[in-house]
Amino acid sequence: MKYGILTYLEGKEKYNVGDYVQSLAARQFLPRVDTFMNREKLADYSGDGIRLIMNGWFTHNHSNWVPANQIDPLFVSFHVNSTAAPFMLDDKGISYLKAHEPIGCRDRYTAQILQEKGIDAYFTGCLTLTLDNYKVDDSERGDAIYIVDPFYNYPTREKVFLTPKHFVKSVLNGNLFKLNQIEKQLAKVVDKELLESAQYITQIKPVGQETDEEKFAYAEECLNKYAKAKLVITSRIHCALPCLAMGTPVIFLNAFNTFVDTCRFDGIAELFNRIDVADDGSFTSNFGLEGKINANTMVTNLGLHHQLAEPLKERCRGFINQ
């Protein structure tokens, strides 16, 4: 039997390192990786029989769903985004998923919409919760505090001026007048000294510059940094979830308010120490924060992820060993 691992088409301008973090979570259960398999081209696979853990966000190329018959899939941590659901869950898509029941879903939203179609589906959480293989001894933990893509859903000059179409849209929806919102909101929740001393990491990188092997290497570099951090502050779930697995204190900055985003977090957001930001910029925390986050802020992860991580490990091991 051969074994595959998911890779991803790049966007027009950038690619998401978080996708590769999710594939690293799958890779740890495989005896080897025989081939990379692009998430958007699974229907085109024509090689030998191959096992593939089907975790993560699906899918941009929903007109080319379902995967080829040669692929033996394990559906865990599977997310059908609200934008893709009407296309993926047609008669053909439903029949395919029913043939591979039960379907383990990354979020409660996906489990619900599959169940409504008569598919045996259940909530698993994200496979990145099993990345405790990157955990280090506490003696190796340093003083570094990382801020990773905070409030990345807010408008930026890069997004607003990307094309004339983006600019016009930003004028119409008001985003043009919300530039510098990331900096302003960060200053509300993180004190000035920490903003100046923290190390900044991004999980969004330019396209056309790295091979898949290099993308996996960068994802591992990020994980190794998070594993030794004193604290991580982020709006990226595929930074925050691995931090839970590795025992790194993490604070999730949650300012997401569109259904496309919030459906991804259903059942996941409750695992974090969070700062929840309202549309008017006011915020609350679920961990008793007084004032702003500073270099001495101490948080203890909630530990709720363990009840999801262990069953995920068992199911992945069972699939590979069957």
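Asks: Before we go on, may I ask you to explain helix 4 (residues 108-115) in this structure?
Replies: Note: α-helices contain 3.6 residues per turn, so residues at a spacing of three or four share the same orientation. Listed as buried for helix 4 are Tyr109, Thr110, Ala111, Ile113 and Leu114. For helix 4, the secondary structure elements touched by its buried residues are strand 7 (78-80), helix 2 (85-88), helix 3 (91-99), strand 8 (103-105), strand 9 (121-123) and helix 11 (259-262). For helix 4, the N-terminal cap is Asp107; the gap from its side-chain oxygen to the backbone nitrogen of Tyr109 is 3.4 Å.

Asks: Got a minute to help me understand the packing of helix 1 (residues 17-27) against helix 9 (residues 212-227) in this structure?
Replies: What describes two packed helices is the angle between their axes and the distance between those same axes. With their axes 9 Å apart at the nearest point, helix 1 and helix 9 run at an angle of 85° to one another. Judged on the interaxial angle alone, helix 9 and helix 1 are roughly perpendicular. Seen from helix 1, the contacting residues are Val17, Tyr20, Val21, Ser23, Leu24 and Arg27; seen from helix 9, they are Asp212, Lys215, Phe216, Tyr218, Ala219, Glu220 and Leu223. When the residues that make up the contact of helix 1 with helix 9 are grouped by side-chain class, the tally is 8 nonpolar, 1 polar and 4 charged.

Asks: Sorry, what's going on with the nonpolar core here?
Replies: For soluble globular proteins, the rule of thumb is that nonpolar side chains tend to be buried together. Among the nonpolar cores identified, the biggest contains 88 residues, and Ile53, Trp65, Phe78, Leu97, Leu114 and Tyr226 are the most heavily contacted of them. The dominant element in this core, judged by the number of residues it contributes, is helix 10 (residues 237-246), at 8 residues. By size, the runner-up hydrophobic cluster in this structure holds 20 residues, among which are Leu186, Ala198, Ile233 and Leu289.

Asks: Teacher, can you tell me more about the sheet that holds strand 10 (residues 145-148) here?
Replies: Neighbouring strands of a sheet are bound in pairs by backbone hydrogen bonds; such pairs are parallel or else antiparallel. Judged by pairing direction, the sheet is mixed, and its 6 strands sit side by side in the order 11-10-13-14-15-16 without closing on themselves. Strand pairing shows two members of the sheet lacking a second neighbour, strand 11 (199-201) and strand 16 (283-285), which therefore form its edges. Put simply, the sheet's adjacent strands are angled 20° from each other on average, direction ignored. For strand 14 (residues 250-254) and strand 15 (residues 273-277), the ladder comprises 4 bridges, and the chain directions are parallel. Of the residues in strand 15, the one forming a bridge with Leu253 is Ile275. Those strands touched by helix 7 (residues 181-189) are strand 14, strand 15 and strand 16, and its axis lies near 45° from that of strand 16. Here helix 9 sits on the sheet and contacts strand 10, strand 11 and strand 13 (231-234); the angle it forms with strand 11, its principal contact strand, is near 150°.

Asks: In this structure, what is going on with the state of the cysteines? I would like to understand it.
Replies: By definition, a disulfide links two cysteine residues through a covalent bond between their sulfur atoms. Within the structure shown, the criterion is met by 0 disulfides. Sulfur of Cys222: no disulfide; nearest cysteine sulfur belongs to Cys239 and is 8.1 Å away. Lacking any disulfide linkage, Cys316 is separated from the closest cysteine sulfur, that of Cys126, by 11 Å.

Cut-off values and rules
- Residues numbered from 1 in each chain as written.
- Predicted model: local features only at pLDDT ≥ 70, side-chain atom pairs only at ≥ 80, totals over all residues.
- Heavy atoms only, no water.
- Buried < 20%, exposed > 50% of the residue type's maximum accessible area, 1.4 Å probe, protein only.
- Helix = DSSP H or I, 4+ residues; strand = E, 2+ residues; numbered from the N terminus.
- Contact = heavy atoms within 4.5 Å.
- Polar contact = N/O pair within 3.5 Å; in protein donor to acceptor, adjacent residues only side chain to side chain.
- Axes fitted to C-alpha atoms, helices over the stretch in contact; angles between N-to-C directions.
- Parallel < 35°, antiparallel > 145°, perpendicular 65-115°, else oblique.
- Nonpolar A, V, L, I, M, F, W, Y, C, P; charged D, E, K, R; others polar.
- Core = buried A, V, L, I, M, F, W, Y, C linked by side-chain atoms within 4.5 Å.
- Pairing = 2+ DSSP bridges.
- Disulfide = S-S within 2.5 Å.

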